[in-house]
Amino acid sequence: LSASGHIKKYQIETSITTLISLPILGYVLYIGAEPYAVYIIALILGIVNFAIRIYNCSKYVNGFETSYYILNVVLKTLLVPIIAIIVPLIFKVFFYDSTVFLWIIQCVIIEISLFLNIWTIGLTYSEKTIIKNAVYKFVGNINICILKK
C-alpha cells in the first residue's frame, strides 16, 4: 500500500473485505453449494464494503451526511430500474408471444420507461436544466450546419 493515514486504513479495510471473498467462495463451492451462492456471497460482501466506505466518508469527509446520501443517491439509483422494469413486465404478461417484432417493441418500451424514470426520479431540477441546455445547444449546432449547406 502506497497510501498513508486515513486513506491507508480505508484501503486496508476494503482490501481485506474484497480479498476475503476468494477463500469464502472457494469453501462454499467446495462444500457443494449451488453456483448461485457465489453471487449471494459476493453481494453480501459488496454491501459490507459499501458500508465501510459510507462509514469512512461520514467519519473523514466534512459535511458528508449519510442519510442524505442514502436517500438521494442510493435510493434513487435502486428505485429507477425497479420502477422502470414494471412496464415491460406488464407488456410481457399481455403479449407473451416470442417474435422478433414483439422483442423489438419490448426493447423500445424498456428504453422509454428507463428514460422517463431517470428523468422524473433520478435527476434533480438543476441536472435537468443542464441536460436541456446541452440538448438545445446541440440542436442549435445541427440547425446551423444544415443551414450552411
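Described in the following lines is the structure provided in the data block. This is a predicted model, so every value here is computed, not measured. (Residues numbered from 1 in each chain as written. Predicted model: local features only at pLDDT ≥ 70, side-chain atom pairs only at ≥ 80, totals over all residues. Heavy atoms only, no water.)

**Quick notes on helix α3 (residues 36-60)**
So, point 1. For α3, built from 25 residues, the straight-helix expectation of 36 Å at 1.5 Å per residue is met to within 8% by its first-to-last C-alpha distance of 36 Å.
So, point 2. Buried within α3 we find Ala37, Ile41, Leu45, Asn49, Ile52, Ile54 and Asn56.
So, point 3. In this structure, the buried side of α3 is in contact with α1 (5-19), α2 (21-30) and α4 (66-84). (Helix = DSSP H or I, 4+ residues; strand = E, 2+ residues; numbered from the N terminus. Expected span 1.5 Å × (residues − 1). Buried < 20%, exposed > 50% of the residue type's maximum accessible area, 1.4 Å probe, protein only. Contact = heavy atoms within 4.5 Å.)

**Here we look at α2**
So, point 1. Listed as buried for α2 are Ser21, Leu25 and Val28. With its buried residues spanning 60° around the axis, α2 presents them on a single face. With respect to the buried face of α2, the exposed residues turned more than 90 degrees away are Leu22, Pro23, Tyr27 and Tyr30.
So, point 2. Those residues of α2 that are buried are in contact with α1 and α3. (Arc of directions from axis to C-beta.)

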